[in-house]
Every structure is written in C-alpha cells, then in structure tokens.
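Residue-level structure breakdown
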Amino acid sequence: MTPKSCQRPSSWREKPAESRSQPLEPERKRVTDITEIATWEGKLFLCVVLDLYNKLVVGWSVHHRQDRQRVIRAVEMAIWQRQDRSCIRIAAANHQC
C-alpha cells in the first residue's frame, strides 16, 4: 500500500510521453545521442544533435574516441545553425563521457 503522502491527487492524470516531449515549433527541444560504428580500421563514435520537432540532424561530430569534446563540438554546430540565438539552455540527463 502506498503511503498517503505519496499518492497522486484524484484529479491528476499523467500525459503520454509523446505529448510531454513533442515541441510545438522547431528549435525548442533538441537531444543528443552517441553511437558506436564499427569500421575495418576500428571503431568510430558519432554524436548527433536532433531537433525533436522535425527530427532533423542539426549538429554532428565523429571521432575515434568517445569523449565530451565530441558532444561539445556537435552542440556547438547545432548552436551555430540556430536562427534564434537569444536563449540556449542545456540539460544533461545521462553522462556517458
């Protein structure tokens, strides 16, 4: 049984994950991801920045090492391509580097 202090109010309804994360216009929410790519000469790490509104790649970086500099370069590319550079907020949810 859940303690009374932890129970949600009866009027509270959780929104589906899609509606919480889907932005209403471009250049509002972006995410990054790092993918390991196997090649004949070894592995490469591809970091991409995606605009969640239209699923476009707005920044990327490739290197043979996985480090935070690759992420920074991809984010810098995405910032450089922004049309509105007035306000930028970065939030990290998962630290793999």
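Residues numbered from 1 in each chain as written. Predicted model: local features only at pLDDT ≥ 70, side-chain atom pairs only at ≥ 80, totals over all residues. Heavy atoms only, no water.

**Some points on the sheet that holds strand E3 (residues 56-63)**
Under the convention used in this document: Following DSSP output, two strands are said to pair if at least two bridges run between them. Each helix corresponds to a stretch of at least 4 residues labelled H or I by DSSP, and each strand to a stretch of at least 2 residues labelled E; elements are numbered beginning at the N terminus. Note on method: axes are straight lines fitted to C-alpha atoms, helices fitted across the in-contact stretch only, with angles between N-to-C directions ranging 0 to 180 degrees. Two residues qualify as a contact provided that any one of their heavy atoms is within 4.5 Å of a heavy atom in the partner residue.
Taken in spatial order, the 3 strands of this open sheet run E1-E2-E3, and their pairing is antiparallel. The open sheet terminates on both sides in strands that have one partner only, identified here as strand E1 (30-39) and E3. Strand after strand, the sheet turns through a mean of 20° between neighbouring axes, direction not considered. As paired elements, E1 and strand E2 (residues 42-51) share 10 bridges and run antiparallel to each other. Following the sheet pairing, Thr-39 is matched in E2 by Gly-42. Of the strands in this sheet, E1, E2 and E3 are in contact with helix H2 (residues 68-81), which crosses E3 at around 150°.

**Describing the pattern of salt bridges**
What counts here: Definition used for salt bridges: Asp or Glu carboxyl oxygen within 4 Å of a side-chain nitrogen of Lys or Arg. For every residue, the accessible area (1.4 Å probe, protein chains only) is compared with the maximum for its type, and the residue is labelled buried under 20%, exposed over 50%, or partly exposed between those bounds.
Tallying each qualifying case throughout the model produces 2 salt bridges. Put simply, Asp-67 and Arg-65 hold a salt bridge, and the shortest N to O gap is 3.0 Å. The class of Asp-67 is buried, set by a relative accessible area of 18%. Between Asp-67 and Arg-70 there is a salt bridge, and its shortest N-O distance comes to 3.2 Å. One salt-bridge network, held together by shared partners, links Arg-65, Asp-67 and Arg-70.

**Brief notes about the environment of Leu-46**
Following the sequence through the fold, Leu-46 ends up in strand E2. Residue classification places Leu-46 among the partly exposed positions, given a relative accessible area of 24%. Note: C-alpha distance between Leu-46 and Ser-61 (15 residues apart in sequence) is 5.8 Å.

**Re the environment of Glu-76**
Secondary-structure assignment places Glu-76 in helix H2. Along the primary structure Glu-76 and Trp-60 are separated by 16 residues, whereas in three dimensions their C-alpha atoms are 9.1 Å apart.

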